[in-house]
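Below are the chains, spelled out letter by letter.
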Amino acid sequence: MQATIQSAEMAVAQCDRPILVERDAEGLQLALRALFEEALILHRMDSILRLADKATRDRAAEELPERELSPGYYRRAAYLLELSTTLELGVPVDPSTITRSDVIGLQAVRNARQEYEYDHPACEACGERQDNRFLKQCFKCATKFAGRGN
Ligand SMILES: [Zn+2]
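Residues numbered from 1 in each chain as written. Predicted model: local features only at pLDDT ≥ 70, side-chain atom pairs only at ≥ 80, totals over all residues. Heavy atoms only, no water.

Undergrad: Quick question: what am I supposed to make of the overall build of the protein here?
TA: Looking only at helices and strands, one finds five helices and zero strands in the protein. Along the protein, from the amino end to the carboxyl end, the secondary structure elements read α-α-α-α-α. With 150 residues in all, the protein has 27% of them scored as buried. Expressed as a percentage of contacts within the protein between residues at least 6 apart in sequence, the contacts between residues at least 24 apart total 52%. (Helix = DSSP H or I, 4+ residues; strand = E, 2+ residues; numbered from the N terminus. Buried < 20%, exposed > 50% of the residue type's maximum accessible area, 1.4 Å probe, protein only. Contact = heavy atoms within 4.5 Å.)

Undergrad: Would you take a moment to explain the pattern of salt bridges for this structure?
TA: Pairs may arise between side chains of opposite charge once their charged atoms sit close together. Overall, the coordinates contain 11 salt bridges when judged by the stated rule. Its salt-bridge partner being Glu22, residue Arg76 comes within 3.6 Å of it at the nearest N-O pair. In this pair, Arg76 is assigned in helix H4 (residues 71-88) and Glu22 in helix H1 (residues 2-23), connecting sequence segments 54 residues apart. Accessibility assignment for this pair places Arg76 and Glu22 in one class, buried. (Salt bridge = Lys/Arg side-chain N within 4 Å of Asp/Glu carboxyl O.)

Undergrad: Any chance you could explain H4 here in plain terms?
TA: Taking 1.5 Å per residue, 18 residues should reach 26 Å; H4 reaches 26 Å between its end C-alpha atoms and fits that length. Within H4, the full set of buried residues consists of Gly72, Tyr73, Tyr74, Arg76, Ala77, Leu80, Leu81, Leu83 and Ser84. (Expected span 1.5 Å × (residues − 1).)

Undergrad: Just checking my understanding: could you explain the packing of aromatic side chains for this structure?
TA: Aromatic ring pairs are defined here through the distance separating the ring centres and the angle between the ring planes. Following the criterion strictly, the structure yields one aromatic pair and no others. With centroids separated by 5.4 Å and ring planes inclined at 35°, the aromatic side chains of Phe36 and Tyr116 adopt a geometry described as tilted. Taken together, the positions of Phe36 in helix H2 (residues 25-49) and Tyr116 in helix H5 (residues 100-119) put the pair 80 residues apart, joining distant regions of the chain. Assigned by exposure class, Phe36 and Tyr116 land together as buried. The cationic tip of Arg67 hangs over the ring face of Tyr74; the distance from NZ or CZ to the ring centre is 4.6 Å. (Phe/Tyr/Trp six-rings, centres within 6.5 Å; stacked < 30°, edge-to-face > 60°. Lys NZ or Arg CZ within 6 Å of the ring centre and 35° of its normal.)

Undergrad: Got a minute to help me understand the side chain of Glu128 in this structure?
TA: Following the sequence through the fold, Glu128 ends up in the segment after H5. Accessibility expressed as a relative area gives 9% for Glu128, which makes it buried. Excluding residues that lie within four positions of it along the chain, Glu128 makes contacts with His43, Arg44, Pro121, Ala122, Cys123, Phe139 and Lys140.

Undergrad: In this structure, what is going on with the environment of Glu38? I would like to understand it.
TA: Of note, Glu38 is situated in helix H2. Ignoring sequence-local partners within four residues, the contact set of Glu38 consists of Leu64, Pro65 and Arg67.

Undergrad: Mind showing me how you'd approach the nonpolar core here?
TA: Generally speaking, a soluble globular protein has its nonpolar side chains buried in company with each other. Counting 16 residues, the largest nonpolar core has Leu28, Leu32, Tyr73 and Leu81 as its most contacted members. Only H2, H4 and H5 provide two or more residues apiece to this core. In this structure Leu32 touches Ala77, Leu81, Gly105, Ala108, Val109 and Ala112, once residues within four positions along its chain are discounted. (Core = buried A, V, L, I, M, F, W, Y, C linked by side-chain atoms within 4.5 Å.)

Following this line, the structure appears as structure tokens:
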């Protein structure tokens, strides 16, 4: 009997905190945005550091911006990205398993992605995402962007 009561309390404690994170659309959007930015930085590092030694790569990893929210947000954000990709790929998902919190989170994914894509437009020629939307030409393939003083 004792064990049953204890595990019930734990269940309450466990779902108490995640529910706050799951319903915090603003926080999730920030966390998602941070993950997109990290992915971009890691993608850049990957092409630069492919030949670098381990110490150089470790130092570079420390250059990632510090995460400002509690780890629960990034865990939730990673889950939402996976869910979003699953749905986009058309993998069948039982609609009854999608919760209200999932819908809130998927909206945050959409908003964060739109923000990210706006701030980092992809080069029309090579597809590489740019550091910002004010560059006049692609830093990678040097294609000039129309309407930016070219
Ligand atoms: Zn390009």
